[in-house]
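Chain by chain, the residues:
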Amino acid sequence: MTRILACLLSPLLLGVTLLLFFGAQAHGWNLATVFAWMSGGRILLLLLLERCFPAQPEWQMTWASFRRDLKYMAVNGGVAGLLKVLPAWVALDMSRWNTGVVVDLPVWVELLMLVLTYEFFQYWYHRFSHEGRGRWGAWLWRTHVAHHLPDRVYLLMHPVGHPLNLLISLALVQWPLVVLGVRPETVFLFNALMSLQGLLSHFNVDVRAGWMNYLLVGTELHRHHHSADMQEAQNYGVLTPFWDLVFGTFVYTPGQLPGRLGVADPAHYPDSADLARVLALPWQGGDPVESEPRPVQGGMPPPS
């Protein structure tokens, strides 16, 4: 059962997403409503599977970690899925009036342009948040590091993060939708894929996506992004690893799990459950994070 689940879950979920899209097209279903029901169903299914078939039992959600997650959900404006569902809903509604660069192109061409445009800016923002040096690099790392403080990765820890990082991320999602002027069908597919891969990327089940790891970011790739080992803590893409492959930050080790998750030296940072201190990180004086090893120049830590 575990082997079947590992190999078939990703293509099955992707297939269901496409079936719902074509069903909505054929029957005139409201795309925003389909998206909302699909997202809720995914979360319930994946929560059940994660509880029954954990990749690492020690990475499972505990009551203590869930209470911490609830704090971040409240600060960041809702439950885990809201980070993708609400912007997608608004974008679907607004896209009826969009006119932009890709008007009248085939939906699959629009989707490809949207994914690559979004990922290019997201990739460099994400990479600089990890590898950037100087004042701005340190500040971006402090706004982003909250998401990397947990020492376990599972479905509902996705919202753990600083609200400033969330605002920047949402802006990066929304502006390509408006500027490119994509149609509602493209917005649906983009956000359906974004929400699916966002859930799978923090999924504590031993999913083996095989060749799909070269097209979409999922469990096997993003789990290493959360590794405390700076040699493998790369994979900055969130939907596709295309720009990781182009710029040499793609890490894929089939069948291997990271030895430890979190930051390289937890002593540099507050505990992830200490919300007030975590939220204060971007406003700390001095430059304390410069001594914390972070990926740089192909994953090598800075010289000591």
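Fair warning: this is a prediction, and the values are worked out from it, not measured in the lab.

### Looking at helix α8 (residues 184-201)
Argument step 1. When the terminal C-alpha atoms of α8 are compared, their 25 Å separation across 18 residues agrees well with the 26 Å that a helix rising 1.5 Å per residue should span.
Argument step 2. Of all 18 residues making up α8, 17 are buried, and the element is well covered by its neighbours.

### Examining a nonpolar patch on the surface
Argument step 1. Residues Trp124, Phe242, Val246 and Phe247 make up a contiguous nonpolar surface patch of about 340 Å² in total accessible area.
Argument step 2. Examining the composition of the nonpolar patch, we find that three residues originate from one element, helix α10 (residues 242-247), more than from any other.
Argument step 3. Considering the arrangement of structural elements, one finds Val246 in helix α10.

### A look at the pattern of salt bridges
Argument step 1. Using the criterion set out here, one finds five salt bridges in the structure.
Argument step 2. Glu131 is the partner of Arg127 in a salt bridge, and the nearest nitrogen-oxygen pair spans 3.1 Å. Placement of both Arg127 and Glu131 in helix α5 (residues 107-131) is noted, with a separation of four residues, approximately one turn of the helix. Taken individually, Arg127 and Glu131 each receive the classification buried, so the pair is uniform in this respect.
Argument step 3. Between Asp206 and Arg208 there is a salt bridge, with the nearest N and O atoms lying 2.8 Å from each other.
Argument step 4. For Asp206, a relative accessible area of 25% translates into the label partly exposed.
Argument step 5. The class for Arg208 is partly exposed, based on a relative accessible area of 33%.

Cut-off values and rules
- Residues numbered from 1 in each chain as written.
- Predicted model: local features only at pLDDT ≥ 70, side-chain atom pairs only at ≥ 80, totals over all residues.
- Heavy atoms only, no water.
- Helix = DSSP H or I, 4+ residues; strand = E, 2+ residues; numbered from the N terminus.
- Expected span 1.5 Å × (residues − 1).
- Buried < 20%, exposed > 50% of the residue type's maximum accessible area, 1.4 Å probe, protein only.
- Patch = residues over 30% accessible without salt bridge, like charges linked within 9 Å, V, L, I, M, F, W, Y side chains within 5 Å.
- Areas by Shrake-Rupley, 256 points an atom, 1.4 Å probe, with all protein chains shown as cover.
- Salt bridge = Lys/Arg side-chain N within 4 Å of Asp/Glu carboxyl O.

None of the figures reported here should be taken as evidence of function without further support.
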